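Residues per chain, in single letters:
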Amino acid sequence: GHDSITRLSEGLRPQIGQLWGFMVQVGAYSKPESAASTKKRMESGGHRVVTETIKAADGSDRHRVRIGPFETREAAEQVRDRAKAQGYDAIVVSP
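Residues numbered from 1 in each chain as written. Predicted model: local features only at pLDDT ≥ 70, side-chain atom pairs only at ≥ 80, totals over all residues. Heavy atoms only, no water.

Draft legend 1. Spatial organisation of the overall build of the protein chain. Looking only at helices and strands, the protein chain has three helices and four strands in total. In the protein chain, the succession of helices and strands from N to C terminus is α-β-α-β-β-α-β. Relative to its 95 residues, the protein chain shows a buried fraction of 29%. A separation threshold of at least 6 residues defines the contact pool for the protein chain, and within that pool the share at least 24 residues apart is 64%. Within the structure as shown, the protein chain displays about 6,400 Å² of accessible surface, and the carbon and sulfur contribution to it stands at 52%. (Helix = DSSP H or I, 4+ residues; strand = E, 2+ residues; numbered from the N terminus. Buried < 20%, exposed > 50% of the residue type's maximum accessible area, 1.4 Å probe, protein only. Contact = heavy atoms within 4.5 Å. Areas by Shrake-Rupley, 256 points an atom, 1.4 Å probe, with all protein chains shown as cover.)

Draft legend 2. Structural context of unusual backbone geometry. The amide bond that connects Gly68 to the next residue, Pro69, takes the cis arrangement and shows omega of 5°. Within the fold, Pro69 resides in strand β3 (residues 61-70).

Draft legend 3. Representation of the pattern of salt bridges within the structure. Throughout the structure, instances matching the rule amount to five salt bridges. Linking Arg66 and Glu52 is a salt bridge whose minimum nitrogen-to-oxygen distance equals 3.7 Å. With a gap of 14 residues between them, Arg66 in strand β3 and Glu52 in strand β2 (residues 49-55) connect regions that are remote in the sequence. When its relative accessible area of 13% is taken as the criterion, Arg66 is described as buried. Note on Glu52: relative accessible area 31%, which makes it partly exposed. Asp81 is the partner of Arg80 in a salt bridge, and the nearest nitrogen-oxygen pair spans 3.0 Å. Residues joined by salt bridges that share partners form a network here, namely Glu52, Arg64 and Arg66. (Salt bridge = Lys/Arg side-chain N within 4 Å of Asp/Glu carboxyl O.)

See below:
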């Protein structure tokens, strides 16, 4: 009935949100373990963390760790600066 349709659209909404907004890329690692430990550390700081595996130019895998999304560039830059202070090579990625 009608309820299941509503529930389905609600289930989709967070993922749409995840694709939109400024992201902070904390690092890109060749080892999945490195990405996983960074993700854990960021999550323990209360962030929403996304990992993506991409192919680097040389054909090897890179595991990106990103925090976000953030609605404003300012918010993303604050988190980037905090990550940089912790020694990460963090950058802001525009939507």
